[in-house]
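Listed below, chain by chain, are the residues.
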Amino acid sequence: MNLRRQVGISLYLLLPLIFTGLTLLAVLVTAQVARAVYLGGSPPWLLWLWGGLLGLLALAVSLLVSWLFLHPLRRFLRQVATAGGAVGDSEGQPTEPAAGVVAGDELSSFHRVVEHFTALLDSLEARRLFPEIIGDSPALRGLLHLTRQVAASDATVLISGETGTGKELIARAIVRLSPRREQPFVAVNCAAIPGELLESELFGHEKGAFTGATATVKGRFEQAAGGTILLDEIGDLPLGLQAKLLRVIETGSVERLGGSRSIALDIRIIAATNRELAALVARGEFRQDLYYRLNVFHLQMPPLRQRPEDIPALAEYFLAAQPTPPRLDPGALAVLLAYDWPGNIRELKAALPAPPCLAGAWAGLG
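Residues numbered from 1 in each chain as written. Predicted model: local features only at pLDDT ≥ 70, side-chain atom pairs only at ≥ 80, totals over all residues. Heavy atoms only, no water.

Caption draft 1: Looking closely at the overall build of the protein. Secondary structure summary: the protein contains 14 helices and nine strands in total. Per-residue burial over the protein gives 34% buried out of 366 residues. Surface summary for the protein: the accessible area is close to 20,700 Å², and the carbon and sulfur share equals 61%. (Helix = DSSP H or I, 4+ residues; strand = E, 2+ residues; numbered from the N terminus. Buried < 20%, exposed > 50% of the residue type's maximum accessible area, 1.4 Å probe, protein only. Areas by Shrake-Rupley, 256 points an atom, 1.4 Å probe, with all protein chains shown as cover.)

Caption draft 2: The side chain of S200, seen in detail. Mapped onto the elements, S200 comes out in helix 6 (residues 195-203). Aside from chain neighbours lying at most four places away, what touches S200 is H205, F210, G219 and L257. (Contact = heavy atoms within 4.5 Å.)

Caption draft 3: Representation of the packing of aromatic side chains in the model. A complete count under the given rule lists four aromatic pairs for this structure. Ring geometry for Y339 against W341: centres 4.6 Å apart, planes inclined by 85°, an arrangement best described as edge-to-face. (Phe/Tyr/Trp six-rings, centres within 6.5 Å; stacked < 30°, edge-to-face > 60°.)

Caption draft 4: Local environment of helix 8 (residues 239-251). Its 13 residues place the ends of helix 8 19 Å apart at the C-alpha level, agreeing with the 18 Å of an ideal helix rising 1.5 Å per residue. Phi turns positive, to about 65°, at G252, one or two residues after helix 8. (Expected span 1.5 Å × (residues − 1).)

Caption draft 5: Local environment of the environment of F203. Structurally, F203 can be placed in helix 6. For F203, a relative accessible area of 1% gives the class buried. Residues F203 and V254, spaced 51 residues apart in sequence, show a C-alpha to C-alpha distance of 6.6 Å. Dropping the residues within four chain positions of it, F203 is found in contact with G219, F221, E222, L241, K244, L245, V248, V254, E255 and R256.

Caption draft 6: Molecular detail of the side chain of E222. Looking at the element boundaries, E222 is found in helix 7 (residues 220-223). Leave out the neighbours within four places in its chain, and E222 touches F203, V254, R256, I263 and L265.

Caption draft 7: Summary view of the packing of helix 4 (residues 138-151) against helix 5 (residues 167-177). Where helix 4 meets helix 5, the axes come as close as 8 Å, and the angle between the chain directions of the two elements is 45°. Taken together, the axes of helix 4 and helix 5 lie oblique to each other. The element helix 4 and its partner helix 5 pack so that their crossing is right-handed. Between helix 4 and helix 5, the contacting residues are L143, L144, T147, V150 and A151 on the first element and I170, I174 and L177 on the second. Split into classes, the residues belonging to the contact of helix 4 with helix 5 amount to seven nonpolar, one polar and no charged. (Axes fitted to C-alpha atoms, helices over the stretch in contact; angles between N-to-C directions. Parallel < 35°, antiparallel > 145°, perpendicular 65-115°, else oblique. Left-handed = near helix turned anticlockwise from the far one by under 90°. Nonpolar A, V, L, I, M, F, W, Y, C, P; charged D, E, K, R; others polar.)

Caption draft 8: Focus on the sheet that holds strand 9 (residues 297-300). Across the sheet, five strands lie side by side as 4-5-8-3-9; this open sheet has parallel pairing. Strands at the two margins of the open sheet, each flanked by one partner only, are strand 4 (185-189) and strand 9. Strand-to-strand twist in this sheet, taken as the mean axis angle between neighbours without regard to direction, amounts to 15°. Bridge count between strand 4 and strand 5 (residues 228-232): five bridges; the pairing is parallel. For V188, the partnering residue across the bridge sits in strand 5 and is L231. (Pairing = 2+ DSSP bridges.)

Caption draft 9: Seen up close, the nonpolar core. Formed by 32 residues in total, the largest nonpolar core has its most connected members in F221, L231, I234 and F286. Secondary structure elements with two or more residues in this core: strand 4, helix 6, strand 5, helix 8, strand 8 (268-273), helix 9 (277-282) and helix 10 (288-294). Among the elements that take part in this core, helix 8 stands out by supplying five residues, more than any other. With near-sequence residues (within four places) excluded, I234 lies in contact with L158, C190, L245, A271, A272, T273, L277, F286 and L294. Of all hydrophobic cores here, the second largest spans 20 residues; its members include L144, A151, V157 and L299. (Core = buried A, V, L, I, M, F, W, Y, C linked by side-chain atoms within 4.5 Å.)

Caption draft 10: Local environment of the pattern of salt bridges. Counted by the stated rule, this structure contains 16 salt bridges. Put simply, E199 and K244 hold a salt bridge, and the shortest N to O gap is 3.2 Å. On the criterion of sequence distance, the pair formed by E199 in helix 6 and K244 in helix 8 is long-range, its members being 45 residues apart. Exposure remark for E199: the relative accessible area of 24% places this residue in the partly exposed category. A salt bridge links E201 to R220; the nearest nitrogen and oxygen atoms lie 2.8 Å apart. Residue E201 is located in helix 6, and its partner R220 is located in helix 7; the two are separated by 19 residues in the primary sequence. Residue class for E201 comes out partly exposed when judged on its relative accessible area of 28%. Salt bridges here are not isolated pairs; linked through shared partners, they connect D236, R275, R283 and E285. (Salt bridge = Lys/Arg side-chain N within 4 Å of Asp/Glu carboxyl O.)

Caption draft 11: Structural view of the confidence of the model for the protein. The share of residues in the protein with pLDDT of 70 or more is 73%, and the mean pLDDT across the chain is 80. Below pLDDT 50 for its whole length, residues 1-9 participates in zero contacts with residues either more than four positions away or in separate chains. Counting contacts from residues 354-366, a segment whose pLDDT is below 50, to residues more than four positions away or on other chains yields 21 contacts. (pLDDT = per-residue confidence, 0-100.)

Caption draft 12: The packing of helix 11 (residues 311-320) against helix 12 (residues 330-338), seen in detail. For the pair helix 11 and helix 12, the least separation of the axes is 10 Å and the interaxial angle reads 120°. Here helix 11 is positioned oblique relative to helix 12, judged by the angle of their axes. Here helix 11 runs over helix 12; the crossing is right-handed. For the pair helix 11 and helix 12, contact is made by I311, P312 and A315 and by L333, L336 and L337, respectively. Residues that form the contact of helix 11 with helix 12 fall into these classes: six nonpolar, no polar and no charged.

Put into structure tokens, the structure is as follows:
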């Protein structure tokens, strides 16, 4: 441990000490030569001589430092070129560096190597933090980067995207990475509950609030107190309930149906929708003030057609879950890649049935 710390400190101080020493040496030599020239009558060429020697010394030190730091990277580039550019990922599978990683001038090659391995490290980090999310496309990596950022905060999140893109998976990932991970998580599908029941479901009701209300019941907001609530398909929330939801967000409290007492809540809200809320606002079908309250941090789920490079990994993942996983042959994979998947990942999963049906199902996709 002491050796590692000593090496780390010496590397951090090496360059500053070298160039600080050269600067001090230059100042001292310049002062002495100037004194000798102007006070002692020494010839002017002596100043140029010492200046030239200092320049050569600085050049030699710079070349040495550059060699010490860049030689290992240059050697690595040669090994990559000799080995054909294969680099192993976290599971031991070969991955190809970016095209032309060792082509062109040396500076460009260094830049491409750094970019490639930065992307590789981002991919490994995403696999560690989001093991349930399959894929490594740039679009997905960008989404997961934003997800990591918002997870650490308490901001309200709006997740939008087409049906089947995995909005609830991202919502659950936010909760799992957030400080509220140990607190309750409640998910409500606003489109699946009839409008006349949704108010009681969300906000609860007091005993006698309506016919059949034989007891006081806590709503989903109270059940999620201290934690997170996911309001899925928020675009289908009736306008009357939108006003009440807005009040909950603004006041941080909820009133049960049939009650008059405000119940304070510490809760984080995540909303998800497959509809374009801005268009609903323009048509008067969604409250503008509620839209602004929900759209504090926006995550846009990319459709599967914008991340086709993830299709093979997703297909292999779904097939591996079957009792007898079938093999994904090149012909079937070509059909999967040629389809635009309007139902996204959910449709892809449904299109991968048991082995006897594979050929017919994939032929139908074409």
